[in-house]
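Structure at a glance
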Amino acid sequence: METPAATADAPEGLDAALDACDGIEGPLLPILHRVQAAYGHIPDAAVPAIAARLNLGRAEVHGVISFYHDFRTTPPGRHVMKLCRSEACQALGADALAAHAEARLGVAMGETRGDGAVTLEPVYCLGLCACGPAAMVDGQPVGRSMPPGSTR
């Protein structure tokens, strides 16, 4: 049951994401994915409205957001580079690649550059172990001996 206090500060258009998931079982993850797709991140102001709609505590919703690494609570840069930090990629030079990316892009791992141009994120397996060290740049996989745009 929605209350005006829970949705007063909610981002515009949030009700559409909530309404789209009415009647489905386990709607929290689909709602969070829709919200992130709409805003690029999950705004803090959306959490109370989501919690109220699903009859959950705000802490429970926040816990799910913070548990899954693909959800973000701040807007990403215009370009997002995800670098694999798993053991397989580390064995193939991921640490050196991460250091190079940080230096070249001027941003620390897990942060967005001050001008908003790029976000550099650690991820733990992109499923490209044979092509490691692997990365994903703006949703496109990139790995050793894997040309940009390839979808192996």
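Everything quoted here is computed from the prediction, not taken from an experiment.

So, the confidence of the model for the chain
With 89% of its residues at a pLDDT of 70 or more, the chain shows a mean pLDDT of 87. This model gives residues 1-6 a pLDDT under 50, and the stretch forms eight contacts once residues within four places in sequence are excluded.

Describing the sheet that holds strand S3 (residues 118-123)
Taken in spatial order, the five strands line up as S2-S3-S1-S4-S5 in an open sheet, and their pairing is mixed. Each having just a single partner strand, strand S2 (111-112) and strand S5 (140-142) make up the two edges of the open sheet. Of the strand pairs in this sheet, strand S1 (residues 79-84) and S3 are connected by six bridges, and their pairing is parallel. Residue pairing in the sheet places His79 in a bridge with Val118 of S3. This element, helix H7 (residues 94-105), spans S1 and S3 of the sheet and lies at about 160° to S1.

Rules and cut-offs
Residues numbered from 1 in each chain as written. Predicted model: local features only at pLDDT ≥ 70, side-chain atom pairs only at ≥ 80, totals over all residues. Heavy atoms only, no water. pLDDT = per-residue confidence, 0-100. Contact = heavy atoms within 4.5 Å. Pairing = 2+ DSSP bridges. Helix = DSSP H or I, 4+ residues; strand = E, 2+ residues; numbered from the N terminus. Axes fitted to C-alpha atoms, helices over the stretch in contact; angles between N-to-C directions.

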